[in-house]
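A look at the structure
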Amino acid sequence: MRKGAITRDAVLKAIAEYEKLGRSEFLAKYHFSEARSYLLLHEGREYDSKAIAGVAHKWDYGRALLPEEFSGGKDHAAAWLKRAGFGVKSVKNPDWARDEIILACHLVMTNGWKGLDANDRRVVELSGLLQLMPIHAEADRNEKFRNPNGVARKTFDIATRHPEYQGKPTNGGALDVEVLHEFLARPAEMTEVAQLIRKGITAGDLQTLSLGDEEDLDDYSAPEGRLLMSRHKRRERNKGLRKKKIAAVIRQGGTLACEACGFDFEEVYGDRGSGYIECHHVVPLHEAGEGRTKLRDLALICANCHRMIHRCAPWPTPEGLGKLIESRRDTVAHIPAQQNVEVAEPAPGQA
């Protein structure tokens, strides 16, 4: 059995059996519970997506999947049904992402760390802004997605977790507290982050980001959220900028060695490594707006050091990571000595 490789015809047969038996009998026959994540949409009717997907296997492979063999979420049943050409919709809205909480927390901060009512114009405006963000797919949203009532509740989740709040906190999550503490520790920087996200969404730049292609974002730590992190990575991967940076360094007599550890790809790999190195955008996320990226904003860096910079917040500079490496060399004998790395600033007009 190829789990998940179900045909449209098999799904239609499962729907027909569902209709014949009725919802309760169909679910009981195959030991499924009512859908909690997604519903299958077909000809104006809604069906329990997990149960339908599981029973569809019976028609393609001879037996239905058991409920414990798969999930009803977007990684299993919902994805399989969409792949077979069916529509699905979310039963409940997705959890709030860090980027969304940043905007809500900034609103609470500007309101004196007090929650706001659903009819407050600022809540209504934020509701509309959140609905434009590309973080959650349309299929994961229901008709109440980030409506004013939900946004207002989130402002109270944040406000009632403030250290000076004396009453009983509402039902917030750990991420609410985490973002709140970021604002309390770095109010100016986090305000800049919120303003950059807001500006990017309003202008449309951050609306067009495709976060589905950023699977490795989960390996990166950025209190500023996924949207600014994604834009940061998009800039680093700009092939034109990378080529210009490399050309500028070579033109000024420099070498393509990592500015943190001194690793030289050509020296180690020969011709295969010639001309290769990654670029890191050194401007902090909370400062990197919509302005044009300059060559001096980019550092040449090896893949290992690049990953280590992004792995934990706050991100060290290449120089700071280099100092960490040097301190480790005093205790770890097999770390090679760092090469002398001089990276010249590009001449005026070459950025």
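It should be noted that the structure appears before, not after, this text.
The structure contained in this document is the topic of the report that follows. Computed from a predicted structure; not experimentally measured. (Residues numbered from 1 in each chain as written. Predicted model: local features only at pLDDT ≥ 70, side-chain atom pairs only at ≥ 80, totals over all residues. Heavy atoms only, no water.)

1. Some thoughts on the sheet that holds strand β1 (residues 38-42)
Pairing in this open sheet of three strands is antiparallel, and the strands run β2-β1-β3 from one edge to the other. Single-partner strands in this sheet number two, and they are β2 (45-48) and β3 (87-90). The mean angle between the axes of side-by-side strands here comes to 40 degrees, regardless of whether they run parallel or antiparallel. Relative to β3, β1 is paired through four bridges, and the arrangement is antiparallel. Residue pairing across strands places L39 opposite K89, the latter belonging to β3. Along the sheet face, helix α3 (residues 49-61) touches β1 and β2 and points at about 70 degrees away from the line of β2. (Pairing = 2+ DSSP bridges. Helix = DSSP H or I, 4+ residues; strand = E, 2+ residues; numbered from the N terminus. Axes fitted to C-alpha atoms, helices over the stretch in contact; angles between N-to-C directions. Contact = heavy atoms within 4.5 Å.)

2. Some points on the pattern of salt bridges
Per the stated rule, a full pass over the model turns up 18 salt bridges. Among the ionic pairs, E138 bridges to R141, the shortest N-O distance being 3.8 Å. When its relative accessible area of 61% is taken as the criterion, E138 is described as exposed. Judged by its relative accessible area of 11%, R141 is buried. Residues joined in a network through salt bridges with shared partners are E17, K29 and K58. (Salt bridge = Lys/Arg side-chain N within 4 Å of Asp/Glu carboxyl O. Buried < 20%, exposed > 50% of the residue type's maximum accessible area, 1.4 Å probe, protein only.)

3. Looking at helix α8 (residues 174-185)
Taking 1.5 Å of rise per residue, the twelve residues of α8 would be expected to cover 16 Å, and the 17 Å separating its terminal C-alpha atoms lies within 8% of that figure. Those residues of α8 that sit buried are D176, V179, L180 and F183. Projected onto a plane normal to the axis of α8, the buried residues spread over an arc of 105 degrees and lie on a single side. Turned more than 90 degrees away from the buried face of α8, the exposed residues are A174 and A185. The inward-facing, buried residues of α8 abut α5 (98-110), α7 (148-159) and α9 (187-203). (Expected span 1.5 Å × (residues − 1). Arc of directions from axis to C-beta.)

4. So, the side chain of R141
Among the secondary structure elements, R141 is positioned in the loop between α6 (121-130) and α7. At 2.9 Å, the side chain of R141 forms a polar contact with the backbone oxygen of Q131. Not counting residues up to four positions away in its chain, the partners in contact with R141 are S90, N93, Q131, M133 and H136. (Polar contact = N/O pair within 3.5 Å; in protein donor to acceptor, adjacent residues only side chain to side chain.)

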